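Chains, contacts and geometry: an overview
This is what each chain is made of:
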Amino acid sequence: MCGDLSAPNHSSATVEHTAQALIDGFNRRIDYLRMSVTDRCDFRCVYCMAEDMQFLPRQQILSLEELYQVAERFVALGTRKIRLTGGEPLVRQGIVDLCGRIAALPGLRELCLTSNGSQLGRLAQPLFDAGVSRLNISLDSLDADLFRQLTRTGDLHQVIAGIDAARRAGFRRTKLNCVVLKGRNDGELVDLVRFAIDRELDISFIEEMPLGVISEHQRGESYCSSDEVRERLAAHFSLIESAESSQGPARYWRLAEAPQTRVGFISPHSHNFCATCNRVRLTVEGRLLLCLGNEHSLDLKQVLRAHPGDSDRLEKAIREAVQLKPYRHHFEVGGDVQILRFMNMTGG
Ligand code: SAM
Ligand code: SF4
């Protein structure tokens with residue numbers, strides 16, 4: 001564990017404090033919660049999972065009711081945005097009802113969901129009707145064979161049908177997520193952007209992160225920096241830097257040729273976004289992770305199960321946990337794997 005707990009110089013005047021707000025030890029306001037609702041998935045993407053994954057037994061994962069209780073407390077403490085993820089959130093039974101309950105929490109501005117798209121053909125409309133505000137859909141290749149190789153089990157046509165179903169259901173500003181692997185899908189960058197433009201989608205290119213031990217490829221060799229991706233796109237599009245920020249690792253650019261499409265670059269390696277980090281993550285086992293790149297965490301499942309229905313206890317635990325949030329992460333390309341959690345456990 002190598003969390004940096006040394007404080008940079010922060011002025012308390014820069015953050016608006018309210019009585020209920022969650023403020024960490026570095027004066028950052030935490031108002032974004034990502035929740036993993038399952039570690040299971042119908043795909044086995046080569047950068048995310050091993051081929052023969054062991055999934056958690058049912059009793060170790062939070063029930064839908066426990067997930068709701070955590071969401072409810074965070075929203076009561078000023079959380080404005082929740083993203084449900086996984087694993088593949090849409091393989092969890094009862095996900096649409098859970099979305100409906102969370103979306104109805106007073107004060108929540110956005111309930112977003114990250115999906116591999118495989119189940120959207122049947123679920124896009126119920127999710128939209130339940131109040132989900134926006135979707136991120138992963139798409140790493142437009143070549144059906146390569147798509148199958150990268151996901152090990154995925155069907156490209158089913159995912160594209162899911163993307164189209166989301167649009168028909170009423171979702172707007174849907175964003176594609178593409179993990180770029182050198183020598184695999186990096187020849188498709190321009191085609192993927194054109195696909196996004198044609199369907200009025202945004203697209204983000206993601207640098208692979210060293211989460212979990214995999215043997216399918218050497219992460220150091222497949223690494224493709226966001227700067228390289230951007231340079232390669234700049235040969236085909238006029239990229240205009242945008243001031244829009246997610247207070248996270250994403251930086252956005254607009255295209256002069258298609259101003260409605262945003263192209264994002266998610267660069268945990270090459271850019272330091274920690275100073276403005278506003279988010280925490282809940283693993284499906286109920287560990288509240290304070291930083292994607294560190295192991296600092298607090299076991300909320302233990303609190304939920306030892307004191308069922310006691311929202312004061314839960315709130316106290318959340319407040320204590322937020323004080324553990326380290327200042328920054330330290331990912332290193334090709335270095336030793338520092339984080340043994342797989343992304344599907346973490347909630348990407
Ligand atoms: N199953 C859903 C999906 O694929 O969109 C949601 C969960 S997935 C873990 C969330 C995002 O994390 C996806 O966009 C995926 O491509 C990305 N991801 C998974 N493993 C990663 C890794 N090692 N480095 C960077 N991104 C990763
Ligand atoms: Fe499943 Fe998403 Fe991980 Fe791919 S990236 S294996 S779709 S959880």
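Nothing here was measured: the structure is a model prediction, and the numbers come from that model.

Some words on the pattern of salt bridges
- A complete count under the given rule lists 19 salt bridges for this structure.
- The shortest N-O distance in the salt bridge between Asp24 and Arg28 comes to 2.7 Å. When sorted by exposure, Asp24 lands in the same class as Arg28, which is buried.
- As a salt-bridge pair, Glu66 and Arg305 come within 2.8 Å of each other at their nearest N and O atoms. Residue Glu66 is located in helix α1 (residues 64-76), and its partner Arg305 is located in helix α9 (residues 300-306); the two are separated by 239 residues in the primary sequence.
- With relative accessibility at 11%, the residue Glu66 sits in the buried group.
- Arg305 sits in the partly exposed class, given a relative accessible area of 38%.
- Each of the salt bridges in this network shares a partner with another, and the network as a whole consists of Arg173, Asp202, Glu244, Arg254 and Arg262.

Observations concerning the nonpolar core
- Ranked by internal contacts, the top residues of the largest apolar core, which has 94 residues, are Ile82, Leu84, Ile102, Phe205 and Leu233.
- Leave out the neighbours within four places in its chain, and Phe205 touches Cys178, Val180, Leu189, Leu192, Val193, Ser226, Val229, Leu233, Val263, Gly264, Phe265 and Ile266.

Concerning the sheet that holds strand β6 (residues 202-207)
- Read across the sheet, 12 strands follow the order β7-β8-β9-β6-β5-β4-β3-β2-β1-β10-β11-β12 without closing on themselves; strand pairing throughout is mixed. Unpaired on one side and paired on the other, β7 (239-245) and β12 (297-299) mark the two borders of the sheet. On average, each strand axis in the sheet is tilted by 25° relative to the strand beside it, whichever way the strands run.
- Bridge analysis of β7 against strand β8 (residues 250-255) gives 4 bridges, and the strand direction is antiparallel. Pairing of Ser245 across the sheet is with Arg251, part of β8.

Details of the confidence of the model for the protein
- With 85% of its residues at a pLDDT of 70 or more, the protein shows a mean pLDDT of 88.
- A low-confidence stretch, residues 333-338 stays under pLDDT 50, and its non-local contacts, those more than four residues away or across chains, total 11 contacts.

Observations regarding the site of ligand 1
- Taken together, 19 residues lie near ligand 1, and Tyr47, Gly87, Glu88, Ser138 and Met209 sit nearest.
- Within the contact set of ligand 1, a nitrogen atom lies 3.0 Å away from a backbone nitrogen or oxygen of Tyr47.
- Separating a nitrogen atom of ligand 1 from a backbone N or O atom of Met209 is a distance of 2.7 Å.
- Isolated, ligand 1 exposes 540 Å² of accessible area, and the fraction of that covered by the protein chains is 96%.
- Put simply, the parts of the chain that give the shell around ligand 1 at least two residues each are β3 (110-115), β5 (175-180) and β6.
- Of the residues in the shell around ligand 1, the class split is 6 nonpolar, 9 polar and 4 charged.

Let's talk about the pairing of β8
- Here 6 bridges tie β8 to strand β9 (residues 258-266), and the two strands are oriented antiparallel to one another. Residue pairing in the sheet places Ala250 in a bridge with Ile266 of β9.
- Adjacent in sequence and paired antiparallel, β8 and β9 are bridged by 2 residues.

Quick notes on the site of ligand 2
- Neighbouring ligand 2 are Cys41, Phe43, Arg44, Cys45, Cys48, Met49, Gly87 and Asn116.
- Taken together, the residues that form the shell around ligand 2 break down as 5 nonpolar, 2 polar and 1 charged.

Structural notes on the side chain of Arg83
- Its place among the elements puts Arg83 in strand β2 (residues 81-85).
- Although buried, Arg83 forms no salt bridge, and the nearest oppositely charged side chain, Glu110, lies 6.8 Å from it.

Thoughts on unusual backbone geometry
- With a phi close to 65°, Asn27 is a non-glycine residue in the positive phi region.
- For Asn27, the location among the structural elements is in the segment before β1 (32-36).
- By relative accessible area, Asn27 is classed as buried at 13%.
- A positive phi angle, near 70°, is found at Arg152, a position not held by glycine.
- Inspection of the secondary structure puts Arg152 in the loop between α4 (144-151) and α5 (156-169).

Rules of the game
- Residues numbered from 1 in each chain as written.
- Chains lettered and ligands numbered in written order.
- Predicted model: local features only at pLDDT ≥ 70, side-chain atom pairs only at ≥ 80, totals over all residues.
- Heavy atoms only, no water.
- Salt bridge = Lys/Arg side-chain N within 4 Å of Asp/Glu carboxyl O.
- Buried < 20%, exposed > 50% of the residue type's maximum accessible area, 1.4 Å probe, protein only.
- Helix = DSSP H or I, 4+ residues; strand = E, 2+ residues; numbered from the N terminus.
- Core = buried A, V, L, I, M, F, W, Y, C linked by side-chain atoms within 4.5 Å.
- Contact = heavy atoms within 4.5 Å.
- Pairing = 2+ DSSP bridges.
- Axes fitted to C-alpha atoms, helices over the stretch in contact; angles between N-to-C directions.
- pLDDT = per-residue confidence, 0-100.
- Near = heavy atom within 4 Å.
- Polar contact = N/O pair within 3.5 Å; in protein donor to acceptor, adjacent residues only side chain to side chain.
- Areas by Shrake-Rupley, 256 points an atom, 1.4 Å probe, with all protein chains shown as cover.
- Nonpolar A, V, L, I, M, F, W, Y, C, P; charged D, E, K, R; others polar.
- Lys, Arg positive; Asp, Glu negative; His and termini not counted.

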